[in-house]
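Architecture at a glance
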Amino acid sequence: MTDRYALEHRLAPHVDERWTEALLLELRLRGVPGDTIGAVLAEVDSHVVESGEPAHDAFGDPVAYARSLDLPVDDEPGPRALLASTGPTAVQVLGLLVLGWAVPPLVRGEGLDLTWGHAALVVLLGAEVLLLVRHADAVLAAVVRRPVVSWLALTASTAVPVALLLLLRGVVVGVPAAAGVTVGTALLLAGTAWGLVRLRAHVDDADPVRSPLDGDEPSSRGAEVLAASGVWLVPAAAVVITALALVVG
Amino acid sequence: MPQEGTPTAEWPGDWLRGVLAVCVLRVLADGPTYGYALGVRLAEAGLGTVKGGTLYPALARLEQAGLLDVEWRAGEGGPGRKYYALTDAGRAELTRSATRWVRFAELTARLVADATTPSTDPAPDAVPLPTERPLP
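Here the structure is a predicted model, which means the values were calculated and not measured.

Residue and element names in this part refer to chain B. Applying the stated criterion to the full structure yields 12 salt bridges over all chains. Here Arg26 ties to Asp30 by a salt bridge, and the two come within 2.9 Å at their closest N and O atoms. Close ionic contact of Glu71 with Arg73 constitutes a salt bridge, the shortest N to O distance being 3.6 Å. The class of Glu71 is partly exposed, set by a relative accessible area of 43%. Three or more residues joined by partner-sharing salt bridges are found here, namely Arg26, Asp30 and Arg41.

What follows is the structure, encoded as structure tokens:
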């Protein structure tokens, strides 16, 4: 059973966890660096212990407190950096999609018909990814503050591309299924390679929220394995799906 | 909450916000200390209780302005503490602000001197909660 407040308990063990969670979220949304967030939480914890006052009495509303600190934020990452961070997975997913379209016809000995629906799906998904990447904080804040609207938007963003795929059956061009399989595999490999390169370059070492008292802790093996496995998720799924299609088809 | 009959030591928030920076700088001139202890010093000086929600943002501003250095030290059997210390720029700012503040206070006191009531309170630093009246 995972502890929803694991981070809060670790960084501010003496503070009301919901107060800490609200403070943590607000600081995150503002783009305050992880180290700084850890320092803020540690200082609140220290004050709460020494004064005996609960956080809400001493510091007031956590969101207002976060704002009053007016901490410097990380520089806005450039569009290239933002795109690069989601790039590997997006390419892998595209490869997976193409394989999903191409393998069944290949198994049946048919050609692959690319429809307007296919094109629409790729374009729409690409647009959604770009939106998320450029406005991650705003999207996150919207989800927290307007959960119902966000849920509706998420549903629509998934349903519309799928609906278009099913409805727009006009064929744009027919290609040999083998070509589709080749393209799909190539995309999958390219995306995986890109992800591995970024992993080795430690570009995406996520911004961990750390207490300033931790000193130089080596990141846990578990976290490293998790990060590495992220790159292999989509290829693993592709292998499974393709194998199933070959066996069942 | 204070009970009936005990004097409350509440200064108007506006006043406290105005002097907080220079008072913090002055306390730190005696040596590095951490937030809670700083608040205790200010209370002992008669300024009343400065809430964490007011004190720490003020410390953060001074730190960002380069007037304070920070150092984390392990607490005594408790959570670690963030110690603040004056930088050279902080020392210079303290001298400048303190001088100006004392002058400002003198001018203000002189202006309103004849409007005061004699104080019978044995602890002259503690004042009753003033009724809020807008200044003319």
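After that view, the rundown keeps rolling.
This brings us to the interface of chain A and chain B. Residue-level contacts link 22 residues of chain A with 17 residues of chain B. Counting each side, the surface lost to burial between chain A and chain B is near 1,600 Å², with a carbon and sulfur contribution of 60%. Where chain A touches chain B, the interface holds two salt bridges. Between Lys51(B) and Glu53(A) there is a salt bridge, with the nearest N and O atoms lying 2.7 Å from each other. One can count nine residue pairs in polar contact (both at pLDDT 80 or more) joining chain A with chain B. At the level of elements, helix H3 (34-51), helix H4 (55-59) and helix H5 (62-69) of chain A are the ones that each hand at least two residues to the side of chain A that touches chain B. When residues in the side of chain A that touches chain B are grouped by element, the largest group, nine residues, is from H3(A).

Let us look at unusual backbone geometry. Most peptide bonds are trans, and most residues other than glycine sit at a negative phi. With a phi close to 50 degrees, Asp70(A) is a non-glycine residue in the positive phi region. Relative to the helices and strands, Asp70(A) resides in the loop between H5 and helix H6 (79-108).

Moving on, we get to the packing of helix H1 (residues 13-29) of chain B against helix H4 (residues 88-112) of chain B. Residues and elements named next belong to chain B. Orientation of H1 relative to H4, taken along the N-to-C sense of each, is 125 degrees, at an axis distance of 9 Å. Relative to H4, the element H1 lies oblique. Here H1 runs over H4; the crossing is left-handed. Here Val19, Val22, Leu25, Arg26 and Ala29 of H1 come into contact with H4, specifically with Gly90, Glu93, Leu94, Ser97, Ala98 and Trp101.

Calculation notes
- Residues numbered from 1 in each chain as written.
- Chains lettered and ligands numbered in written order.
- Predicted model: local features only at pLDDT ≥ 70, side-chain atom pairs only at ≥ 80, totals over all residues.
- Heavy atoms only, no water.
- Salt bridge = Lys/Arg side-chain N within 4 Å of Asp/Glu carboxyl O.
- Buried < 20%, exposed > 50% of the residue type's maximum accessible area, 1.4 Å probe, protein only.
- Contact = heavy atoms within 4.5 Å.
- Buried area = accessible area lost by both parts, 1.4 Å probe.
- Polar contact = N/O pair within 3.5 Å; in protein donor to acceptor, adjacent residues only side chain to side chain.
- Helix = DSSP H or I, 4+ residues; strand = E, 2+ residues; numbered from the N terminus.
- Axes fitted to C-alpha atoms, helices over the stretch in contact; angles between N-to-C directions.
- Parallel < 35°, antiparallel > 145°, perpendicular 65-115°, else oblique.
- Left-handed = near helix turned anticlockwise from the far one by under 90°.

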